[in-house]
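What the coordinates show
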Amino acid sequence: MYYRYPNNKNAYKVQNQYMFGNLLVAPITSKVVKSLNLAKVKVWLPEGDWTDLFTNNKYKGNQFVTMYRDLSSYPILAKQGCIVPLKEKVENGVDLPIDLQVLIYNGNGSFTMIEDNENKQLLNTKFEINKKDDLITFKINKEGNNEVVNFLRNYRLTFKNIKNCEKVEILSNNELIETIICKEDKLSDKPFELIINEKSNLDNFEIRLYDVKEFDYIDYK
């Protein structure tokens, strides 16, 4: 942690904790608490908002939090503005994925996914999120050789900190292609998701979410 936060004395107190890109990882090395059948670790959260990748619990930063997990898991937290693209289908091999799930955490940030082919041609896909008050804008822009991905891609966009919003506008190549009006009664405990399908491998997208309703911080105690 002190490589990322060299001037913060708390970074030197968590010897096993580390950053993996914008993901904070806190391995658990203590024994299980028998009465709970859980083990624990004291996690330092730097300034900003942090969301657990697996539980979706959201925490305020600039504090220490003791987190409990079973033997099959440990805390991995995404910083605000973090974007994590994942291949939808888990399988062996390194083929370029047709179906992508993109985990998106509220804030301001970007992630560039780099793909290549046997001819050493490159295609960069830049995912970018911007948040201003209750308006969130998410963009998908491609740069490079579009022949690298010679198929149409499907995106499942998972906005991990959002319960719902009042309206969604989807733009493709700067043209409005769809407007979605969301109902208040569709609020749930699951993150808000959108499915975006390419019509051309030249497509760039911009998604605007209006009047966003976010999940609350967890009372971890």
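The preceding data block contains the structure.
Below is a short write-up of the structure. In this convention, every chain numbers its residues from 1, walking through the sequence in written order. Only residues with pLDDT of at least 70 get local features here, since the model is predicted, and only at 80 or more are side-chain atom pairs given and counted; chain-wide, interface and lining totals rely on the full set of residues. The side-chain figures draw on all heavy atoms in the structure; neither hydrogens nor water molecules are used.

Observations regarding a nonpolar patch on the surface
Rules: For patch building, the residue pool is restricted to those with more than 30% relative accessible area and no salt bridge; the joining distance is 9 Å between like charges and 5 Å between nonpolar side chains (Val, Leu, Ile, Met, Phe, Trp, Tyr). Calculation of accessible area relied on Shrake-Rupley with a 1.4 Å probe; when residues are assessed, cover is drawn exclusively from the protein chains displayed. Salt bridge, as applied in this entry: a Lys or Arg side-chain nitrogen positioned within 4 Å of an Asp or Glu carboxyl oxygen. Runs of E in the DSSP output that reach at least two residues are strands. Runs of H or I that reach at least four are helices, and both are numbered from the N terminus. Each residue's exposure class comes from its accessible area (1.4 Å probe, protein chains only) as a fraction of the maximum for that residue type: buried when under 20%, exposed when over 50%, partly exposed otherwise.
A cluster of nonpolar side chains, contributed by Tyr2, Tyr3 and Tyr12, occupies part of the molecular surface with about 420 Å² of accessible area. The topology assignment puts Tyr3 in the segment before strand E1 (18-20). Here Tyr3 falls in the exposed class, since its relative accessible area comes to 77%.

Quick word on the packing of aromatic side chains
Inclusion rule: Two rings from Phe, Tyr or Trp (for Trp, the six-membered ring) form a pair when their centres are within 6.5 Å of each other. A pair whose planes differ by under 30 degrees is stacked, one over 60 is edge-to-face, and the rest are tilted. The rule for a charge over a ring is simple: NZ of Lys or CZ of Arg within 6 Å of the ring centre, and within 35 degrees of the ring normal.
The tally for this structure, following the rule as stated, stands at seven aromatic pairs. Relative to Phe138, the ring of Phe127 lies with its centre 6.3 Å away and its plane at 15°, an arrangement referred to as stacked. Of the two residues, Phe127 sits in strand E11 (residues 122-132) while Phe138 sits in strand E12 (residues 135-144), which places them eleven residues apart along the sequence. You'll find Phe127 and Phe138 in the same group, each marked buried. Aromatic side chains Phe127 and Tyr155 sit 6.3 Å apart centroid to centroid with 80° between the ring planes, which places their arrangement in the edge-to-face category. Within this pair, whereas Phe127 is found in strand E11, its partner Tyr155 is found in strand E13 (residues 154-159), the two being separated by 28 residues in sequence. As far as the burial class goes, Phe127 and Tyr155 line up, both buried. Note that Lys42 overlies the ring of Phe64, its terminal NZ or CZ placed 5.0 Å from the centroid. Its end group placed over the ring of Tyr210, Lys167 keeps NZ or CZ at 4.8 Å from the ring centre.

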